[in-house]
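Chain by chain, the residues:
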Amino acid sequence: MNFKTPIFFIVCLMSQAAMGQQLNVFASNPLPPKSIAGYDLVWNDEFNKEGKPDTTNWIYENGFERNEELQWYGTGNANCMNGTLVIEGRKERVKNVNYQPGSDSWRLNREYAEYTSSSIQTKGHHQWTFGRFEIRARIDTNKGSWPAIWTLGVNKEWPSNGEIDIMEFYRVDDVPNLLSNVAWGTGKPYIAKWHTEKRPFAGFTKNDPDWVKKFHIWRMDWDENSINLYLDDKLLNTTLLSQTLNADGSNPFLQPHFLLLNLALGGNGGEPSKANFKYEVDYVRVYQKVGK
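Residues numbered from 1 in each chain as written. Predicted model: local features only at pLDDT ≥ 70, side-chain atom pairs only at ≥ 80, totals over all residues. Heavy atoms only, no water.

A. Spatial organisation of the packing of aromatic side chains. This structure, assessed with the given rule, holds 15 aromatic pairs. Look at Trp-128 and Phe-133: their rings are 5.6 Å apart centre to centre, the planes differ by 85°, and that puts the pair in the edge-to-face class. Taken as a pair, Trp-128 and Phe-133 share a single burial class, namely buried. Through a chain of ring-to-ring contacts, the aromatic side chains of Trp-43, Phe-47, Trp-58, Trp-128, Phe-130, Phe-133 and Trp-222 assemble into a single cluster. The ring centre of Tyr-230 lies 3.8 Å from the NZ or CZ of Arg-219, which sits over that ring. If you follow Lys-274 out to its NZ or CZ, it ends over the ring of Phe-277, 5.8 Å from the centre. (Phe/Tyr/Trp six-rings, centres within 6.5 Å; stacked < 30°, edge-to-face > 60°. Buried < 20%, exposed > 50% of the residue type's maximum accessible area, 1.4 Å probe, protein only. Lys NZ or Arg CZ within 6 Å of the ring centre and 35° of its normal.)

Below, the structure is given as structure tokens:
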């Protein structure tokens, strides 16, 4: 009997199955991280466990955080299931434990939040200077949704610590847009210098009516010279580090950054038009050049 024939066919079937899984843009990818010539995989989270995100990788933001958004951030809205991280935005009332009647602060003068969501970050656990960051995700594009994949530098206050928005989806003049941004400091506290590239969302759905149903890959290639941001291998934003100097001459993109994944509601996202939202992240992978 020739044992090579069945083994050959089994291998072919396994390969075809793997290729089919890899090419299924409507589902999580069960395959291990790919190798990239000239790079080492230095960190990744595939979200293949069930339950809460790994606390050795992620911490949570809590409460009202920024931009006068509607959601109250907590731990209950981020869960790993079926090979993905699922961040849910829910219409539910939560008491503001920091409520101060008559306060001038939007964080304090709201007695309740009407929405909840989650924001997780690698701060204190993982940080990187330079590398290729690859995040596969399926975003919620309903009105009110503001999902993001971004980084912040570990030193200095915002924006002099530097911000890189690998992905943001929100409304600009009430028109849905996908954005990729880089921000750094100016001579004025809390006033950033932005290099923003935005693409009207209608252009994506016109070319692909199923775009919102699919997972997509957002990528950042960051080195000592530039930051390049991609969506499905299409270059969206190139920012030269020679142009990203703070007022004091420091460069926030020559220091380590940590990663954030969050789903905001309201603010630039617009007034929510539905009760619940869902933002799914299949994996996060960080590669760095060999020898760096």
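That shown, we press on.
B. Highlighting the pattern of salt bridges. Scanning the model with the defined rule gives 17 salt bridges in all. Residue Glu-111 pairs with Lys-95 through a salt bridge whose shortest N-O separation is 3.1 Å. Of this pair, Glu-111 sits in the loop between β5 (84-95) and β6 (112-117) while Lys-95 is found in strand β5, placing the two residues 16 residues apart along the sequence. Notably, a salt bridge pairs Arg-219 with Asp-221, separated by 3.1 Å at the nearest N-O pair. The pair formed by Arg-219 and Asp-221 is uniform in burial state, with each residue classed as buried. When salt bridges that share partners are traced, they join Arg-132, Arg-219, Asp-221 and Asp-233 into one network. (Salt bridge = Lys/Arg side-chain N within 4 Å of Asp/Glu carboxyl O. Helix = DSSP H or I, 4+ residues; strand = E, 2+ residues; numbered from the N terminus.)

C. Layout of the sheet that holds strand β12 (residues 192-200). The strand order across the open sheet formed by seven strands is β2-β7-β16-β9-β10-β11-β12, and the pairing between neighbours is antiparallel. With one partner strand each, in any of the chains shown, β2 (59-60) and β12 form the two edges of the open sheet. (Pairing = 2+ DSSP bridges.)

D. Up close: the pairing of strand β17 (residues 276-289). The buried fraction of β17 is high, at eleven of 14 residues. For strand β1 (residues 39-45) and β17, the ladder comprises six bridges, and the chain directions are antiparallel. Within β17, the position partnered with Tyr-39 by the bridge is Lys-289. Of the pairings in the sheet, the one linking β5 to β17 comprises six bridges and is antiparallel in character. Its bridge partner being in β17, Glu-88 is matched across the sheet by Lys-278.

E. Layout of the side chain of Asp-208. Within the secondary structure layout, Asp-208 lies in the loop between α2 (202-207) and β13 (216-222). Reaching out from Asp-208, the side chain makes a polar contact with the side chain of Lys-214 at a distance of 2.8 Å. (Polar contact = N/O pair within 3.5 Å; in protein donor to acceptor, adjacent residues only side chain to side chain.)

F. Summary view of the environment of Phe-277. Tracing the sequence through the fold places Phe-277 in strand β17. Each C-alpha atom, one on Phe-277 and one on Arg-90, is 6.5 Å from the other, the two residues being 187 residues apart in sequence.

G. Main features of the environment of Gly-185. Here Gly-185 is to be found in strand β11 (residues 175-185). Sequence-wise, Gly-185 and Gly-131 are 54 residues apart; in three dimensions their C-alpha atoms are separated by 22 Å. Ignoring any residue separated from it by four or fewer positions in sequence, one finds Gly-185 in contact with Pro-159, Ser-160, Ile-191, Leu-245, Asn-246 and Ala-247. (Contact = heavy atoms within 4.5 Å.)

H. Expanded view of unusual backbone geometry. The omega angle of the peptide bond from Trp-158 to Pro-159 is 5°, so this bond is cis rather than trans. With respect to the helices and strands, the residue Pro-159 is situated in the loop between β9 (145-153) and β10 (163-172). Phi angles above zero are rare outside glycine, and Asp-232 is one such case at about 50°. Structurally, the position occupied by Asp-232 is in the loop between β14 (226-231) and β15 (234-240).

I. Spotlight on the layout of surface pockets. What the largest pocket holds in volume is close to 700 Å³. Taken together, 31 residues make up the lining of the largest pocket; nearest its centre are Arg-66, Asn-67, Trp-150, Trp-158 and Glu-163. Elements with a minimum of two residues in the lining of the largest pocket: β9, β10 and β16 (257-265). The element best represented in the lining of the largest pocket is β9, accounting for five residues. Class assignment of the residues belonging to the lining of the largest pocket gives a composition of 13 nonpolar, seven polar and eleven charged. (1 Å grid on protein atoms, 1.4 Å probe; cavity = no way out; pocket = protein on both sides within 12 Å on 5 of 7 lines; lining within 4 Å. Points joined across faces, edges and corners; volume = space filled by probe spheres on them. Nonpolar A, V, L, I, M, F, W, Y, C, P; charged D, E, K, R; others polar.)

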